[in-house]
Amino acid sequence: MPPPLPARTMPTPPFLHDPQPQAPSKPGNDECCHSGCTFCVLEMYQEDLAAYEEALRAWQQRQQAGAAPAAQGIRKPRKRA
């Protein structure tokens, strides 16, 4: 039986299974009936948009935090005299 292969240490993007949030679809001009519905598509869109923007900010912070330790280990090459 051959010995096990050594573990590879390949750089991976931070939070590989953390996809970027997707913006909600904006309702078309003909989707609102302008009759003051309890669940107006325009109001629901505004709520979804606010939730998306908050989720996007949180996602961006996680990505920056995950990338920061990797960037600290990278050194610039020295200039030769």
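Residues numbered from 1 in each chain as written. Predicted model: local features only at pLDDT ≥ 70, side-chain atom pairs only at ≥ 80, totals over all residues. Heavy atoms only, no water.

K.L.:
If you had to explain the overall build of the protein to someone new, which residues and values would you point to?
P.N.:
Helix and strand counts for the protein stand at 1 helix and 0 strands. Expressed as a percentage of the 81 residues in the protein, the buried residues total 12%. Taking the contacts inside the protein whose residues are at least 6 apart along the sequence as the reference set, 68% of them involve residues at least 24 apart. Of the roughly 8,000 Å² of accessible surface on the protein, 57% is carried by carbon and sulfur atoms. (Helix = DSSP H or I, 4+ residues; strand = E, 2+ residues; numbered from the N terminus. Buried < 20%, exposed > 50% of the residue type's maximum accessible area, 1.4 Å probe, protein only. Contact = heavy atoms within 4.5 Å. Areas by Shrake-Rupley, 256 points an atom, 1.4 Å probe, with all protein chains shown as cover.)

K.L.:
Report on the pattern of salt bridges, specifying residues and quantitative values.
P.N.:
Evaluated as defined, the whole model comprises 1 salt bridge. In this structure, the salt-bridge partner of Asp 18 is Arg 62, at a minimum N-O distance of 2.7 Å. In this pair, Asp 18 is assigned in the segment before α1 (41-72) and Arg 62 in helix α1, connecting sequence segments 44 residues apart. Judged by relative accessible area, Arg 62 falls into the partly exposed class, the value being 33%. (Salt bridge = Lys/Arg side-chain N within 4 Å of Asp/Glu carboxyl O.)

K.L.:
Explain unusual backbone geometry residue by residue, including any values.
P.N.:
Within the chain, His 34 stands out as a residue other than glycine whose phi angle is a positive 60°. Along the chain, His 34 turns up in the segment before α1.

K.L.:
Requested: an account of the environment of Glu 47, with residues and values cited.
P.N.:
Following the sequence through the fold, Glu 47 ends up in helix α1. Remark: the alpha-carbon pair of Glu 47 and Pro 24, spanning 23 residues in sequence, is separated by 9.8 Å.

K.L.:
Give me the lowdown on the side chain of Asp 18, citing residues and values where you can.
P.N.:
A relative accessible area of 16% places Asp 18 in the buried class. A polar contact is formed between the side chain of Asp 18 and the side chain of Arg 62, at a distance of 2.7 Å. The contacts of Asp 18, once residues within four sequence positions are left out, are Trp 59, Arg 62 and Gln 63. (Polar contact = N/O pair within 3.5 Å; in protein donor to acceptor, adjacent residues only side chain to side chain.)

Any functional reading would require information beyond the geometric quantities listed.
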